[in-house]
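Residue-level structural notes
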Amino acid sequence: MTLTSSINNTTRLQLAPLEIPTRLLLGPGPSNAHPAVLQAMNTPPVGHLDPAFLALMDEIQMLLRYVWQTENPLTIAVSGTGTAAMEATIANVTEPGDVVLVGVSGYFGNRLVDMAGRYGADVRTITKPWGQVFPIDELRTALETHRPAILALVHAETSTGARQPLEGVGDLCREFDCLLLVDSVTSLGGVPLFLDEWKVDLAYSCSQKGLGCPPGASPFTMSPRAIEKLQQRGTKVANWYLDMTLLSKYWGKERTYHHTAPINLYYALREALRLIAEEGIENSWTRHQKNVEYLWESLENLGLAMHVKREFRLPTLTTVCIPEGVDGKAIARQLLNEHNIEIGGGLGELAGKVWRVGLMGFNSRPESVDRLVEALKQVLPH
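Residues numbered from 1 in each chain as written. Predicted model: local features only at pLDDT ≥ 70, side-chain atom pairs only at ≥ 80, totals over all residues. Heavy atoms only, no water.

What about the sheet that holds strand β14 (residues 354–358)?
Backbone-to-backbone hydrogen bonds pair the strands of a sheet. The strands run either parallel or antiparallel. If you trace the three strands from one edge of the open sheet to the other, you get β11-β14-β13, paired in antiparallel fashion. Where the open sheet ends on each side, the last strands, each with one partner, are β11 (317–321) and β13 (344–345). By the bridge criterion, five bridges tie β11 to β14 in an arrangement that is antiparallel. Across the sheet, L317 pairs through a bridge with G358, a residue of β14. (Pairing = 2+ DSSP bridges. Helix = DSSP H or I, 4+ residues; strand = E, 2+ residues; numbered from the N terminus.)

Structure (C-alpha cells):
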C-alpha cells in the first residue's frame, strides 16, 4: 500500500491498559451492577438477528412486563439510555398541535416540557415546588381546564427524591379521554409499580438504577390505547430511530432489521431482570424500603434532615438537606477522593441545598448504608 498523504500523529495517544477506580455509586445513578450482570455482559456477542439473541429479546420483553406488572404487548428495551426511552414516549404519541399537560415539580418534568415542545405539542404545565407532589383533585382541575391528549407525570422525580402517587390518575385520564405517560426511571425495580392496574398508557425507565445494570438498554412500554393513537397519526413519527412502528417489527414476529442492537448490554439487562425475577419483584420493593428506612434513621442520627415528607419519599433516592454553613460540593469531593463513594448534588431549585443519595438495585443493602455513614462521620464538620 502506497500512502500519498502524511499521517497526522498529534492525537495518537500511547496509553496504558484501562484502569478505573472502583467506586461505591450512591448517587442518583448509575448504581453498581451485580457481579453476575457484569459477567453476563462479558459474554461473546452474537449477531443481532441470531436466533439465540432473538430468543433473549423475547425473555427481556417478558421480564419487563413482570417488573412493570403489565401485559402490554409492545414492551421493549430501547437501544439508548433512559433519556432515549423518554423521548420515544413523546415522539410516538405526540403530533403537532396536541395538547400535552406536564406536571412539573422537578428537573425531569421540565425535560418532558422541552421534548414535547420540540415535537410541536401545545405544551401546558402545572407546577409544584421541588419535592412536592400533585394531589388527585388538582390533577382533575387541570384536566378539566386543559383537556389534554396526554398527561405526563414523573413517578419518581430524580432531582427531588419525591414519589408521585398514581393511584386513581389513570381512571381520571380515561374519564377525560387522554393518555397517561409516566416517568419511572428511578422507580422501576425498587418502587411498587402496577401499570395495568393504574391504567398507565406509556412508561419508560432506564437500566442503571433499580434494575442494577449498566446504562444503555432502556425499558419502554405502550398500552393498546397508546398504540391506537400511534396508528391513527396523520404524520410520520418525527424520530426515525425511536419510531415504534419500525421498532415493533424488530421486536415482534417479523424480526425485521432496524438497527444493530447493543448486544452485550442486552445480555446484562436480561441477567439483571432474571435476578429480580428470582428474588421476586415484591421482595425487591420490600428490600428497597427496608434499607432506605435504615438510611434515613442513620442520617438522622448524624443530625441530618431529609428534604421530602416521609410519606412521599422514594425508597431508591433520598434528598438530604445540606446543613447550613457546610460546603456540599466539598463534602461530596471528599467522599469520592478519600472514600471512593459517589453521592450527587442538587439540581435546579435544589442546587447547593441537598445531596442526592441513591440506594438502588444491587446497592440497596445495609452494607452500603454503613459504609456511607462511616465516611460521613469522618468528612462532616463536628
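Here's the deal with the pattern of salt bridges
Inspection of the entire model under this criterion finds 17 salt bridges. Between D201 and R174 there is a salt bridge, with its nearest N and O atoms 3.8 Å apart. On the criterion of sequence distance, the pair formed by D201 in the loop between β8 (179–183) and β9 (202–204) and R174 in helix α6 (residues 169–175) is long-range, its members being 27 residues apart. Overall, R174 belongs to the partly exposed group, its relative accessible area being 36%. Two residues, E278 and R274, come together in a salt bridge whose shortest N-O distance is 3.2 Å. Linking E278 with R274, this pair stays in helix α9 (residues 263–279), spanning four residues, or about one helical turn. Residue classification places E278 among the exposed residues on the basis of a relative accessible area of 60%. (Salt bridge = Lys/Arg side-chain N within 4 Å of Asp/Glu carboxyl O. Buried < 20%, exposed > 50% of the residue type's maximum accessible area, 1.4 Å probe, protein only.)

Considering the sheet that holds strand β4 (residues 122–127)
Ordered in space as β2-β10-β9-β8-β5-β3-β4, the seven strands form an open sheet in which the pairing is mixed. Bordering the open sheet on either side are β2 (74–79) and β4, each of which pairs with just one other strand. Neighbour to neighbour, the strand axes of the sheet diverge by 20 degrees on average, direction disregarded. Inspection of the sheet shows strand β5 (residues 150–154) paired to β8 by five bridges, in the parallel sense. Paired with L153 across the two strands is V182, which belongs to β8. Across the sheet, α9 touches β2 and β10 (217–222), and the angle it forms with β2 is around 130 degrees. (Axes fitted to C-alpha atoms, helices over the stretch in contact; angles between N-to-C directions. Contact = heavy atoms within 4.5 Å.)

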